[in-house]
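Each chain is listed here by its residues.
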Amino acid sequence: MPQYRYKAVDAAGKFIQGSLDAGNVSDLELRLEKMDMDLVTYKQKEPGFDLFGRNKVGRRDLINFSFYLEQLTHSGVPILEGLTDLRDGEENPGFRDVITGVIEAIEGGNSFSQALGLYPNIFDNVFTSLIKVGERSGKMSEVLIDITDTLKWQDELLAKAKKIMTYPAVVGTLVLTIIMFMMIFIVPDIMQAIVGMGGVIPIETRALMATSNFLKNYWYLVITMPFVVFFTISYFYRTNSKARFKIDGMLLKIWLIGPVNEKIKISRFTRYFALMFASGITVLDAINLSKSVVNNVVLEDGIERAWQQISEGGSISESFKNIGIFPPLVVRMLRVGEASGRMDKSLNNVSYFFDRDINDSIDKMEPVVQTAMMASIGMFVLWLVMAVMGPLYDTIGTMEF
């Protein structure tokens, strides 16, 4: 179905722009009329994506969506009416169009979960599966609360990580820019003056001269090489399964970042596993759906092997123990959950423990990163001082007064 970019006017006379899927222009007009809008201009969009991400649906949009929908359903408002209210109040044109499509799918005879499943890039399998559980159990409000809490946790964690990485990224870029400028424009003149004084040139000075000459002659390689390496790795990561497996394995072992990254993924898995198990989804289905949230093929492969052992009659705890990926705490709590019959509570305890551990690790990471950066800057300054001041000191020491 083609997508149209439209400009319409609502009942209050306000102009609204957005995009909408429609079979033709007449269908577009009918869909806009259902939203109490009149079509003014339109243009069929070419297949592709929004380059600037203006209409992108983010995690914050999903949090607001699930939160307000939970409030409405808890108050007894039917899903269709709640979605209509959300659509009318949605400021993101892209998400407003998605909600419109969901409403039309429900009016066409689809269930709420089936309608969400029409937009897999926005509502993933876990989201739609939990909504399906809410439909079957009649506990839609409780399921939406759990979805909202999980999305908030992920958003807060991501915000913390961005906060920690912003300072090193900004300061590091500024420092590297200054170093490049000094090496290309200032250091060569200083080195020329030092060579002109005669005498023995120490190794640190020769290293500085060689580095400066390299940057002066091949500065374009230094600037472009990180981008080339990044896009090359990204290409192989997307197209080569073996490369992706190795890269994902390395991401779990990188100093300082790897252990935290692994805990985040395991905590996300146990959180969703517990949520689905508590909602009435079978163990095998819950594991199969939850493995996608880890977004790491090494962990996904391990979970798949555990799923296979469980499907063949093995116990949950022993199956996860045999794959050798999950920490002993996870295996122990799985064993407790099996013995007590309260698997969801045991997994929630694991998530709680990991969440605290992750927050503590992230809080400790910030001063470590800042200290490492300051130490690197200090080492460069020391090298620069030794390379410049060493020959000057030697020359002054040989002068006779």
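Structure's up top.
These numbers were taken from a predicted model, which means no experiment stands behind them.

**Q** Summarise the layout of surface pockets; cite the residues concerned and give the values.
**A** By rolling a water-sized probe across the atoms, one finds the places where empty space is left. As a volume, the second largest pocket reaches approximately 290 Å³. Looking at the second largest pocket, it is lined by 15 residues, and the ones nearest its centre are L176, T177, M180, V222 and I223. Elements represented by at least two residues in the lining of the second largest pocket include exactly α7 (140-196) and α9 (219-239). Taken together, the residues of the lining of the second largest pocket break down into twelve nonpolar, three polar and no charged.

**Q** Give me the lowdown on the pattern of salt bridges, citing residues and values where you can.
**A** For the structure on display, the rule yields five salt bridges. Salt-bridge contacts for R335 lead to E318; the nearest nitrogen and oxygen are separated by 3.6 Å. Within this pair, whereas R335 is found in helix α15 (residues 328-340), its partner E318 is found in helix α14 (residues 316-323), the two being separated by 17 residues in sequence.

**Q** Talk me through the side chain of T270; I want residue IDs and the actual numbers.
**A** Following the sequence through the fold, T270 ends up in helix α11 (residues 258-278). For T270, the side chain forms a polar contact with the main-chain oxygen of S267, separated by 3.0 Å. Residues within four places of T270 in sequence aside, it is in contact with L347, V350 and S351.

**Q** So what's going on with the side chain of S141? Residues and values would help.
**A** By the secondary structure assignment, S141 is in helix α7. What S141 contacts, discounting residues up to four positions off in sequence, is E70, T73 and H74.

**Q** Let's hear about α9: which residues, and what values?
**A** With 21 residues, α9 extends 31 Å from end C-alpha to end C-alpha; this agrees with the ideal 30 Å at 1.5 Å per step. Its maximal kink placed at M225, α9 deviates by approximately 35 degrees, while the proline P226 follows within four residues.

**Q** How would you explain helix α3 (residues 79-89) if you had to name every residue and give the values?
**A** Among the residues of α3, G82, L83, L86 and R87 are the ones counted as buried. Within α3, the buried residues cover an arc of 140 degrees as seen down the axis, which keeps them to one side. Away from its buried face, by an angle of more than 90 degrees, α3 presents the exposed residues D88 and G89. On its buried face, α3 is in contact with α1 (25-34), α2 (59-74), α4 (93-107) and α5 (112-116).

**Q** Give a detailed account of the packing of aromatic side chains, specifying residues and quantitative values.
**A** Going through the model one piece at a time under the given rule, you end up with 16 aromatic pairs. Aromatic side chains F214 and Y218 sit 5.3 Å apart centroid to centroid with 40 degrees between the ring planes, which places their arrangement in the tilted category. Put simply, the rings of F65, F95, F123 and F127 pair up and form one aromatic cluster. Positioned above the aromatic ring of F15, the side-chain terminus of K7 is 5.1 Å from the ring centre.

**Q** Describe the packing of helix α13 (residues 297-311) against α14, naming the residues involved and giving the relevant values.
**A** Remark: α13 packs on α14, axes separated minimally by 9 Å, with the N-to-C direction vectors making an angle of 140 degrees. With respect to each other, α13 and α14 are oriented oblique. Where α13 crosses over α14, the two elements pack in a sense that is right-handed. Counting all contacts with α13, which are made through G302, I303, R305, A306, Q309 and I310, the residues of α14 involved are I316, E318, S319, F320, N322 and I323. Its residues assigned to classes, the contact of α13 with α14 comprises six nonpolar, four polar and two charged.

**Q** Give a detailed account of the nonpolar core, specifying residues and quantitative values.
**A** Here is a general trend for soluble globular proteins: nonpolar side chains tend to be buried in one another's company. Counting 68 residues, the largest nonpolar core has F65, L83, V102, F112, F123, F320 and F326 as its most contacted members. When residues in this core are grouped by element, the largest group, nine residues, is from α11. If near-sequence neighbours (up to four positions away) are discounted, F123 is found in contact with L62, F65, F95, V98, L116 and T128. Counting 13 residues, the second-largest nonpolar core is a separate cluster that includes I184, L215, L384 and A387.

Criteria and cut-off values
Residues numbered from 1 in each chain as written. Predicted model: local features only at pLDDT ≥ 70, side-chain atom pairs only at ≥ 80, totals over all residues. Heavy atoms only, no water. 1 Å grid on protein atoms, 1.4 Å probe; cavity = no way out; pocket = protein on both sides within 12 Å on 5 of 7 lines; lining within 4 Å. Points joined across faces, edges and corners; volume = space filled by probe spheres on them. Helix = DSSP H or I, 4+ residues; strand = E, 2+ residues; numbered from the N terminus. Nonpolar A, V, L, I, M, F, W, Y, C, P; charged D, E, K, R; others polar. Salt bridge = Lys/Arg side-chain N within 4 Å of Asp/Glu carboxyl O. Polar contact = N/O pair within 3.5 Å; in protein donor to acceptor, adjacent residues only side chain to side chain. Contact = heavy atoms within 4.5 Å. Expected span 1.5 Å × (residues − 1). Bend = angle between axes of the 7 residues up to and from the residue. Buried < 20%, exposed > 50% of the residue type's maximum accessible area, 1.4 Å probe, protein only. Arc of directions from axis to C-beta. Phe/Tyr/Trp six-rings, centres within 6.5 Å; stacked < 30°, edge-to-face > 60°. Lys NZ or Arg CZ within 6 Å of the ring centre and 35° of its normal. Axes fitted to C-alpha atoms, helices over the stretch in contact; angles between N-to-C directions. Parallel < 35°, antiparallel > 145°, perpendicular 65-115°, else oblique. Left-handed = near helix turned anticlockwise from the far one by under 90°. Core = buried A, V, L, I, M, F, W, Y, C linked by side-chain atoms within 4.5 Å.

Functional significance is not addressed by these values, which are geometric in nature.
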